[in-house]
Amino acid sequence: MTRYLARRLVYLLVQVVLIATTVFMLIRLVPGDPARAVVGETASEEQVAIMRQRLGIDRPFHEQYFTWMGGVLRGDLGKSIINSDPIGSQIALRIGNTFELTILSTLTALLIGIPLGVVAAVKANRAPDFVVSTLAMVGLSMPGFVVGTVLLLVFGLMLRWLPQQQYVPFLSNPRQHVELLILPVLTLAASTSAVMMRMTRASMLEVVRQDYVRTARAKGLQNGIVLMRHALRNALNPVVSLIGLELAVLLGGTVIVETIFGWPGLSSLLLAGVRSRDYPTVQAVVLVIAVLTILINLAVDLVYGLLDPRIRYS
């Protein structure tokens, strides 16, 4: 396991360099002049040239690359060209909000999706299976912006159970912070839980047909023990893989939810950078999300070994 982890960490460093290089190049293929975006369309060419020099984008391509890459390896993600604030500080202020929203949404989806998926598998082709499958299809077919808007209209504006106000940090007002968090979490969990239901159902149906499950039942073990100890544990491997994928998607895909509910996370920072053509911010946020995705995939691979003793890493 130690050798495997060390090897994966080396691969991680190589992947970070490759991703950073790709992001750097792709950002510079985006149409538009960042310098003119800063000084305005009515600025003179001289003003634009001065801003380009100030931003360092008048230098040769390779010099810009090595300067930025050196900063990345030192942990310096540069400064925003809009307000000159350190990008690392902006990310540090928002990454906790994104983690909070992502992790709570995933946990909520697990608490909904796995039990309902097990019920659907145990009651296959019967009424509970039909109900769960219908709920899953509804969750998959409704886009996040639709779910978020409906929840906001019903619970925020009509019933006023969860009034939506400006973001409040947890330490400033814990109750209001939690109230503001409920609807975004439910919005993200809707589609994720639907995927969990279908994956758990399919995996459980495959596992319960295995010989060792029939043997456990033949020995007289209670059905609940067979399902939880023998069937569910072995059925969780593909679900764990799905959890890793969903976490990675949510880390960079919460932009709509963050916009609807005014939640200050990484996705909203990325969107603001795209709108203002703040390419240092865009490439820094994309790089951070990519690195987090790689770390999540590594964690998923390690969890595999804990869930299934047959999997060994060397």
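Quick note: structure is the one above.
Scoring rules and cut-offs
- Sequence order as written defines the numbering, with residues in each chain counted from 1.
- Reporting of local features is limited, given that this is a predicted model, to residues whose pLDDT is at least 70; pairs of side-chain atoms are given and counted only at 80 or more, and all residues count toward the totals for whole chains, interfaces and linings.
- Each side-chain value is derived from all of the structure's non-hydrogen atoms; neither hydrogens nor water enter the calculation.
- Note on aromatic pairs: the rings of Phe, Tyr and Trp (six-membered ring only in Trp) are paired at centre separations within 6.5 Å, and the planes decide the class, stacked below 30 degrees, edge-to-face beyond 60, tilted for the rest.
- Runs of H or I in DSSP of at least four residues are treated as helices and runs of E of at least two as strands, each being numbered from the N terminus.
- Angles run from 0 to 180 degrees between N-to-C directions of axes, and those axes are lines fitted to C-alpha atoms, restricted for helices to the stretch in contact.
- Relative orientations are named as follows: roughly parallel for angles under 35 degrees, roughly antiparallel for angles over 145 degrees, roughly perpendicular for angles from 65 to 115 degrees, and oblique for any other angle.
- A crossing counts as left-handed when the near helix is turned anticlockwise from the far one by less than a right angle, and as right-handed when that turn is clockwise.
- Contact between two residues is taken to exist if any of their heavy atoms lie within 4.5 Å; hydrogens are not considered.
- Ten residues, namely Ala, Val, Leu, Ile, Met, Phe, Trp, Tyr, Cys and Pro, are considered nonpolar, four, namely Asp, Glu, Lys and Arg, are considered charged, and the remaining ones, Gly among them, are considered polar.
- In this analysis, the protein atoms alone were mapped onto a 1 Å grid. Cavities are point sets where a 1.4 Å probe fits without being able to get out; pockets are open sets with protein on both sides within 12 Å along at least five of seven lines; lining residues have an atom within 4 Å of a point.
- Grid points are joined across faces, edges and corners, and a volume is the space filled by probe spheres set on the points.

**As for the packing of aromatic side chains**
For step 1, the next point in the chain: Scanning the model with the defined rule gives 6 aromatic pairs in all.
For step 2, the next point in the chain: Measuring from centroid to centroid gives 5.4 Å for Phe-24 and Tyr-65, while their planes differ by 70 degrees, and the two rings are edge-to-face. Here Tyr-65 lies in helix α4 (residues 61-73) and Phe-24 lies in helix α1 (residues 2-27), a separation of 41 residues in the sequence.
For step 3, the next point in the chain: One aromatic cluster in this structure is built from Phe-24, Phe-61, Tyr-65, Phe-66 and Trp-68.

**Focus: the packing of α1 against α4**
Geometrically, a packed helix pair is captured by the angle between its two axes and the distance between the axes.
For step 1, the next point in the chain: The N-to-C vectors of α1 and α4 enclose an angle of 135 degrees; their axes lie 11 Å apart at closest approach. Put simply, α1 runs oblique to α4. By crossing handedness, the relation of α1 to α4 is classed as right-handed. Of the residues in α4, those in contact with Val-17, Ala-20, Thr-21, Phe-24 and Met-25 of α1 are Phe-61, Gln-64, Tyr-65, Trp-68 and Met-69.
For step 2, the next point in the chain: Looking at the contact of α1 with α4 residue by residue, the class counts come to 8 nonpolar, 2 polar and no charged.

**Notes on the layout of surface pockets**
For step 1, the next point in the chain: For the largest pocket, the calculated volume is near 520 Å³.
For step 2, the next point in the chain: If you go around the largest pocket, you meet 24 residues; those closest to its centre are Leu-55, Gly-78, Lys-79, Tyr-279 and Pro-280.
For step 3, the next point in the chain: At the level of secondary structure, the elements contributing two or more residues to the lining of the largest pocket comprise α3 (45-55), α4 and α13 (279-307).
For step 4, the next point in the chain: Per-element accounting of the lining of the largest pocket gives the leading share, 4 residues, to α4.
For step 5, the next point in the chain: For the lining of the largest pocket, the residue count by class is 10 nonpolar, 8 polar and 6 charged.

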